[in-house]
Amino acid sequence: MFESFFPKPKQFFLSVLLWTAFGMLVWYGVGTQIGTMIGFDLQDAGEPVVGIAYFYTPSFLWFYVFYVVWVALFAAFWFLYHPHRWQMWSILGSAFILFTTYYGVQVSVAINNWRRPFFDEFQQALSGDGSVTAGDLYELIVIFAEIALVSTVIYVVTRFFVSHYVFRWRTAMNDYYMSRWSTIRNIEGASQRVQEDTMRFATIMEGLGVSVVDALMTLIAFLPVLWGLSQYVTELPLVGAIPHPLFVALIFWAAFGTGLLALVGIRLPGLEFLNQRVEAAYRKELVYGEDDPSRAQPPTVAQLFTNVRHNYFRLYFHYMYFNVARGLYLQADNIYVNIILVPTIVAGKITLGLWQQILTAFGQVSGSFQFLVNSWTTIVELLSIYKRLRAFEATFRGEELSEIEKVIGEEGFAQPIPDPAPGEGGHKQVHDFEK
């Protein structure tokens, strides 16, 4: 899955983490001094810039230069150290996706900067004192439209590029597996794993991969914003006055939700994996029956479909209580921030504009921390596909299969599920499957 597209995956991803951490250390540590030395005016401008000018302030221009240089150094090392067929897409393509995703998050920051002046003027206009004209509000609406246009362009460009990126990844996996087809063709489900599993892997990665990056970039962009907005909130219900109350309340809520959903959904990845196995066994027997009249006989087909039904019913049951927990948590999340703001609102310590800024920043950071909560079903599906492809690779590499891959047949997919013994009606096979 990974070595087909990335050079030396274990070393590569470790180097990505280390190089990124070092880059962030340089940027937040001495980045301002370096930028000032080479000619960028990086003095603190005070209030945030409102409008598209936010994207070409000196600090942003310096970031563009820094990012390009940092990526170029990293790519040059890997191009020389371990040249790879797909290095342009896997290295430079990944860097481009990171940049456009970060830029998209900064668009959200720009919109959040716009909310405060707009809603403050909106509130002032409602007072009826005449200090705010229609032209003032129209001007701010035009500014919003400009930012929204930038957001649309970035979204379209990112999605278009990511679609090509993940198809190249699928192409790399397909070429990698097909070059070993003579070895793997006898593995049960080989055709499905090469065609369907790689397709589903690419499809899920297209959405989930961007969501992961977006969540991380959102945290990087909005955590400082939320930290700064915490100064306007002095206390929390029941808890009272604590330092940075918004930040503390967010961390607690996100950790609670993530832990809750991980606990109640712990069995789902294994069941999804087994579901793909029984579906594959049933489908393959039917395919054999198209050419061989001795295959796909009613007892065998009935037994295989019984396994399918049994696993689906178990999935339905476990998803039922998972969805109950997830639904209750997400509904509570809709009112959580307003609950913790009640003492501050009653005390009259924030304006309508500040309230909008806090809601947006809190929602962005909360959504990022709750990524596992919101994407758990998709993650479960991806894990099950990963397990299937990993077991596939383990077979042609001669590696030992994982325990879950041994549930039906000690040789994995090399053997079909046996027909029911006469008089047993298939109950023994169902019992073995349950074990």
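Definitions and limits used
Residues numbered from 1 in each chain as written. Predicted model: local features only at pLDDT ≥ 70, side-chain atom pairs only at ≥ 80, totals over all residues. Heavy atoms only, no water. Helix = DSSP H or I, 4+ residues; strand = E, 2+ residues; numbered from the N terminus. Buried < 20%, exposed > 50% of the residue type's maximum accessible area, 1.4 Å probe, protein only. Contact = heavy atoms within 4.5 Å. Areas by Shrake-Rupley, 256 points an atom, 1.4 Å probe, with all protein chains shown as cover. Expected span 1.5 Å × (residues − 1). Bend = angle between axes of the 7 residues up to and from the residue. Core = buried A, V, L, I, M, F, W, Y, C linked by side-chain atoms within 4.5 Å. Phe/Tyr/Trp six-rings, centres within 6.5 Å; stacked < 30°, edge-to-face > 60°. Polar contact = N/O pair within 3.5 Å; in protein donor to acceptor, adjacent residues only side chain to side chain. UniProt positions renumbered as here; feature names shortened; annotations may be inferred. Salt bridge = Lys/Arg side-chain N within 4 Å of Asp/Glu carboxyl O. Axes fitted to C-alpha atoms, helices over the stretch in contact; angles between N-to-C directions. Parallel < 35°, antiparallel > 145°, perpendicular 65-115°, else oblique. Nonpolar A, V, L, I, M, F, W, Y, C, P; charged D, E, K, R; others polar. Patch = residues over 30% accessible without salt bridge, like charges linked within 9 Å, V, L, I, M, F, W, Y side chains within 5 Å. Left-handed = near helix turned anticlockwise from the far one by under 90°. pLDDT = per-residue confidence, 0-100.

**Thoughts on the overall build of the protein chain**
Then comes step 1: For the protein chain, the count of helices and strands is 12 helices and 2 strands.
Then comes step 2: Looking at the protein chain as a whole, 43% of its 435 residues are labelled buried.
Then comes step 3: Counting contacts in the protein chain only where the partners sit at least 6 residues apart, residues at least 24 apart contribute 79% of the total.
Then comes step 4: Carbon and sulfur atoms form 66% of the exposed surface of the protein chain, whose accessible area is close to 22,800 Å².

**Section: helix H3 (residues 87-126)**
Spacing of three or four residues puts side chains on the same side of an α-helix, whose turn is 3.6 residues.
Then comes step 1: The end-to-end C-alpha distance of H3, which contains 40 residues, comes to 58 Å, matching closely the 58 Å that a straight helix rising 1.5 Å per residue would cover.
Then comes step 2: Of all the bends found along H3, the most pronounced is centred on Gly-93 and spans about 30°.
Then comes step 3: Downstream of H3 by a residue or two, Gly-128 has a phi angle that is positive, lying close to 80°.

**Concerning helix H2 (residues 58-81)**
Then comes step 1: Look at H2: 35 Å from first C-alpha to last across 24 residues, which is about the 34 Å you get at 1.5 Å a residue.
Then comes step 2: Listing the buried residues of H2 in full gives Phe-60, Trp-62, Phe-63, Tyr-64, Phe-66, Tyr-67, Trp-70, Val-71, Phe-74, Ala-75 and Trp-78.
Then comes step 3: Looking at the buried side of H2, the elements it contacts are helix H1 (9-37) and H3.

**Considerations on the nonpolar core**
Then comes step 1: Counting 46 residues, the largest nonpolar core has Phe-55, Leu-246, Ile-340 and Phe-362 as its most contacted members.
Then comes step 2: Elements supplying a minimum of two residues to this core: H2, H3, helix H4 (134-178), helix H6 (190-229), helix H7 (245-264), helix H9 (298-346) and helix H10 (352-369).
Then comes step 3: The leading source of residues in this core is H3, at 11 residues.
Then comes step 4: In terms of nonpolar packing, the next biggest core, distinct from the first, is built from 33 residues, Ala-75, Phe-201, Leu-208 and Val-210 among them.

**Details of the packing of aromatic side chains**
Then comes step 1: What the rule picks out here adds up to 57 aromatic pairs.
Then comes step 2: Geometrically, the ring pair formed by Phe-12 and Phe-13 is edge-to-face, given 5.4 Å between the ring centres and 75° between the ring planes.
Then comes step 3: You can call Phe-12 buried: its relative accessible area is 3%.
Then comes step 4: Judged by centre distance (5.5 Å) and plane angle (70°), the ring pair of Phe-12 and Trp-78 falls under edge-to-face. Here Phe-12 is found in helix H1, whereas its partner Trp-78 is found in helix H2, with 66 residues between them in sequence. Per residue, the accessibility class of Phe-12 equals that of Trp-78, and both read buried.

**Remarks on the side chain of His-84**
Then comes step 1: By secondary structure assignment, the location of His-84 is in the loop between H2 and H3.
Then comes step 2: The exposure class assigned to His-84 is buried, which follows from its relative accessible area of 15%.
Then comes step 3: Polar contacts involving the side chain of His-84 include one to the main-chain carbonyl oxygen of Glu-3, which spans 3.2 Å.

**Overview of the UniProt feature "transmembrane region" (unreviewed entry) in the protein chain**
Then comes step 1: UniProt's feature table lists "transmembrane region" (unreviewed entry) at residues 12-30, 61-81, 88-105, 140-162, 208-227, 247-268, 335-355 and 367-386, given in the numbering used throughout.
Then comes step 2: Segment residues 12-30 splits into 100% helix and 0% strand. End C-alpha atoms: 26 Å apart.
Then comes step 3: Span residues 61-81 is 100% helix and 0% strand, its end C-alpha atoms 31 Å apart.

**Things to note about the pattern of salt bridges**
Then comes step 1: Under the counting rule described, the total for this entry stands at 2 salt bridges.
Then comes step 2: Between Arg-85 and Asp-175 there is a salt bridge whose closest N-O contact spans 3.3 Å. Separated by 90 residues along the polypeptide, Arg-85 in the loop between H2 and H3 and Asp-175 in helix H4 bring together distant segments of the chain.

**Regarding the packing of H7 against H9**
Then comes step 1: Two elements in contact, H7 and H9, have axes separated by 10 Å at closest approach and are oriented at 175°. The angle between H7 and H9 places the two elements in the roughly antiparallel class. Within the contact between the two elements, H7 uses Leu-246, Ala-249, Phe-252, Trp-253, Ala-254, Phe-256, Gly-257, Leu-260, Leu-261 and Val-264 and H9 uses Tyr-321, Phe-322, Ala-325, Arg-326, Tyr-329, Ala-332, Asp-333, Tyr-336, Ile-340 and Leu-341.
Then comes step 2: Split into classes, the residues belonging to the contact of H7 with H9 amount to 17 nonpolar, 1 polar and 2 charged.

**A word on the side chain of Ser-90**
Then comes step 1: You can see Ser-90 is positioned in helix H3.
Then comes step 2: Look at Ser-90 and you get buried, because its relative accessible area is 0%.

**A word on a nonpolar patch on the surface**
Then comes step 1: Taken together, the side chains of Val-30, Ile-34, Met-37 and Ile-38 present a nonpolar region at the surface, about 390 Å² in accessible area.
Then comes step 2: Looking at the element boundaries, Ile-38 is found in the loop between H1 and H2.

**Re the packing of H2 against H3**
Then comes step 1: Between H2 and H3, the shortest axis-to-axis distance is 10 Å and the interhelical angle comes to 160°. Judged by the inter-axis angle, H2 sits roughly antiparallel to H3. With respect to the hand of their crossing, H2 and H3 are arranged in right-handed fashion. Residues Phe-60, Phe-63, Tyr-64, Tyr-67, Val-71, Phe-74, Ala-75, Trp-78 and Phe-79 of H2 form the contact with H3, whose own contacting residues are Gln-87, Met-88, Ile-91, Leu-92, Ala-95, Leu-98, Phe-99, Tyr-102, Tyr-103 and Gln-106.
Then comes step 2: Class assignment for the residues of the contact of H2 with H3 results in 17 nonpolar, 2 polar and no charged.

**Considering unusual backbone geometry**
Excluding glycine, a negative phi dihedral is what most residues carry, and trans is how most peptide bonds are arranged.
Then comes step 1: Phi at Lys-8 is positive, roughly 45°, even though this residue is not glycine.
Then comes step 2: When its relative accessible area of 33% is taken as the criterion, Lys-8 is described as partly exposed.

**Quick word on the confidence of the model for the protein chain**
Parts of the model with low pLDDT should not have their predicted coordinates read in detail.
Then comes step 1: Taken residue by residue, the protein chain gives an average pLDDT of 80. The fraction at 70 or more is 87%.
Then comes step 2: Segment residues 407-435 is flagged for pLDDT under 50; beyond a separation of four residues in sequence, or across chains, it makes 48 contacts in the model.

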